[in-house]
Amino acid sequence: MRDFTASAGRLRSLSLGAKLLYSAFALASVIGLLVSWRLYGAMVQDAGAAAYYAGAAIAAPPPAPTQAPAAAGGPALDLGPELELPGTPEPPRVLVEQISERKLLEVTHFHLFSVPVYVLILAHLWLLARLPSWLHTAGVAAAVVASGLHIAAPWLIRSAPGAAALMPISGVAMLLSLGAMAVVSTVDMWLPRRSRRGEAAPADEAQ
């Protein structure tokens, strides 16, 4: 925890063990973001966030053609789904079951405890990178706003299905902001140290 109290640029002077630990966390963070995005697609599918969170009605897709084109004067063949002709378009998946309020409460409860800690650790690594102070502030603000909006989006969509775009928009913003924090911090910590003229050495290195 002492590393998190240092000034910007401290990442490059970390010990090898600390760099390996923080790099592993950053890598796991990026993988977790990508898996979360894939999980969202698997849950919502083609129906969209409005149907999943607000129970909006969805038009049923037309049945897929399962008959082979008949030859001139010949009978048509009725093929089963496993014998459909190559190139036959697959009918779109439609999710008709809305998430229950209890399930949404459980998901929100879990994310309210896990996401802030996740953002806190990545933001601290970001603040230790050798970057301009305005970029530090902008990155933290973007990560906090994006993650907060992403947690609140399901409830906003539940009360207003027209706000369904908030879910993918906040998800992409969260992926970009936190992913950038993880990647930039990891790259910065493995760069060689660069001392600036007149800069005082850290207290633990002055000995």
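Please read these numbers as outputs of a predicted model, since none were measured by experiment. One numbering rule holds for all chains: residues counted from 1, following each sequence as written. A pLDDT threshold of at least 70 governs which residues receive local features in this predicted model, and a stricter bar of 80 or more applies before side-chain atom pairs are shown or counted, although totals over entire chains, interfaces and linings include all residues. Note: side-chain values were computed over all heavy atoms of the structure, leaving out hydrogens and water.

### Brief notes about the environment of Leu149
Selection rule: Going along the chain from the N terminus, every DSSP run of H or I of four or more residues is numbered as a helix, and every run of E of two or more is numbered as a strand. Note on exposure labels: buried denotes an accessible area under 20% of the residue type's maximum, exposed denotes more than 50%, and partly exposed covers the range between, all computed with a 1.4 Å probe on protein chains only. In what follows, a contact means two residues having at least one pair of non-hydrogen atoms within 4.5 Å.
Secondary-structure assignment places Leu149 in helix H4 (residues 133–159). Looking at Leu149, the relative accessible area reads 31%, which means it is partly exposed. With 24 residues separating them in the primary sequence, Leu149 and Ala173 have C-alpha atoms 9.6 Å apart. Ignoring any residue separated from it by four or fewer positions in sequence, one finds Leu149 in contact with Leu156, Leu166 and Ser170.

### A word on a nonpolar patch on the surface
Just so we agree on the cut-off: The patch calculation keeps residues exceeding 30% relative accessible area without a salt bridge and links them within 9 Å when they carry like charges or within 5 Å when they are nonpolar (Val, Leu, Ile, Met, Phe, Trp, Tyr). Using a 1.4 Å probe, the Shrake-Rupley method yields the accessible areas, and only the shown protein chains count as cover for residues. When a carboxyl oxygen of Asp or Glu lies within 4 Å of a side-chain nitrogen of Lys or Arg, that pair is called a salt bridge.
Nonpolar side chains collect at one region of the surface, where Leu16, Leu20 and Trp190 lie side by side and expose about 330 Å² of accessible area between them. Mapping Leu16 onto the fold places it in helix H1 (residues 16–44). Assessed through its relative accessible area of 55%, Leu16 is described here as exposed.

### Some thoughts on the environment of Gln98
Turning to its location among the elements, Gln98 is positioned in the loop between strand E2 (77–78) and helix H3 (101–128). Given the relative accessible area of 32%, Gln98 is considered partly exposed. As a C-alpha pair, Gln98 and Arg158 span 60 residues in sequence and 9.8 Å in three-dimensional space. Beyond its immediate sequence surroundings of up to four residues, Gln98 is in contact with Ala51, Tyr52, Tyr53, Ala54, Gly55 and Arg158.

### Digging into H4
This is how it is decided: Multiplying one less than the number of residues by 1.5 Å gives the expected span of a helix.
Between its terminal C-alpha atoms H4 stretches 39 Å, which fits the 39 Å expected from 27 residues at 1.5 Å a residue. Buried residues in H4 make contact with helix H2 (49–54), H3 and helix H5 (166–189).

### Some words on H3
Inclusion rule: The angle between axes fitted to the seven residues ending at a residue and the seven residues starting there is what we call the bend at that residue.
Along its 28 residues, H3 runs 40 Å from first to last C-alpha, staying within 8% of the 40 Å computed at 1.5 Å per residue. Along H3, the sharpest change in direction is near 30 degrees and occurs at His111. For H3, the full list of buried residues reads Leu104, Thr108, Val115, Tyr118, Val119, Leu122, Ala123, Leu125, Trp126 and Leu128.

### With respect to the packing of aromatic side chains
Stated precisely, the cut-off is as follows: Pairing of aromatic rings covers Phe, Tyr and Trp, the last through its six-membered ring, and needs centres within 6.5 Å; plane angles under 30 degrees mean stacked, over 60 mean edge-to-face, and all others mean tilted. Ring-over charges, as used throughout, are those where CZ of Arg or NZ of Lys falls within 6 Å of the ring centre and within 35 degrees of the ring normal.
Enumeration according to the criterion identifies three aromatic pairs in this entry. The ring of Trp190 carries the charged tip of Lys19 above its face, separated from the ring centre by 5.5 Å.

### Considerations on the nonpolar core
This is how it is decided: Think of a nonpolar core as a cluster: buried Ala, Val, Leu, Ile, Met, Phe, Trp, Tyr and Cys residues, connected wherever their side-chain atoms sit within 4.5 Å.
Leu122, Leu178 and Met181 are the most contacted members of the largest nonpolar core, which has 15 residues in total. The set of elements that each furnish at least two residues to this core consists of H1, H3, H4 and H5. If one sorts the elements of this core by residue count, H3 sits on top with six residues. Apart from residues no more than four positions distant in its own chain, Met181 is found in contact with Leu122, Ala123, Trp126, Gly139, Val140 and Ala143. Counting twelve residues, the second-largest nonpolar core is a separate cluster that includes Val44, Ala49, Tyr52 and Ala164.

### A short note on the pattern of salt bridges
In this structure the tally under the stated criterion is two salt bridges. Note that Arg12 and Asp188 form a salt bridge whose closest N and O atoms lie 2.9 Å from each other. In this pair, Arg12 sits in the segment before H1 while Asp188 sits in helix H5, placing the two residues 176 residues apart along the sequence. Neither Arg12 nor Asp188 differs from the other in exposure class; each is buried. The residue Glu106 makes a salt bridge to Arg102 at a minimum N-O spacing of 3.5 Å. In this pair, Glu106 and Arg102 are both assigned in helix H3, four residues apart and thus about one turn of the helix distant. Using a relative accessible area of 64% as the deciding quantity, one classes Arg102 as exposed.

### Quick word on the UniProt feature "transmembrane region" (unreviewed entry) in the protein chain
This is how the line gets drawn: UniProt positions are given in the numbering used here, feature names are shortened, and annotations may be inferred rather than shown by experiment.
Under the UniProt annotation, the feature "transmembrane region" (unreviewed entry) is placed at residues 20–40, 110–128, 135–157 and 163–187. A helix fraction of 100% and a strand fraction of 0% characterise residues 20–40, whose end C-alpha atoms lie 30 Å from each other. Here residues 163–187 runs as 88% helix and 0% strand, with 37 Å between its end C-alpha atoms.

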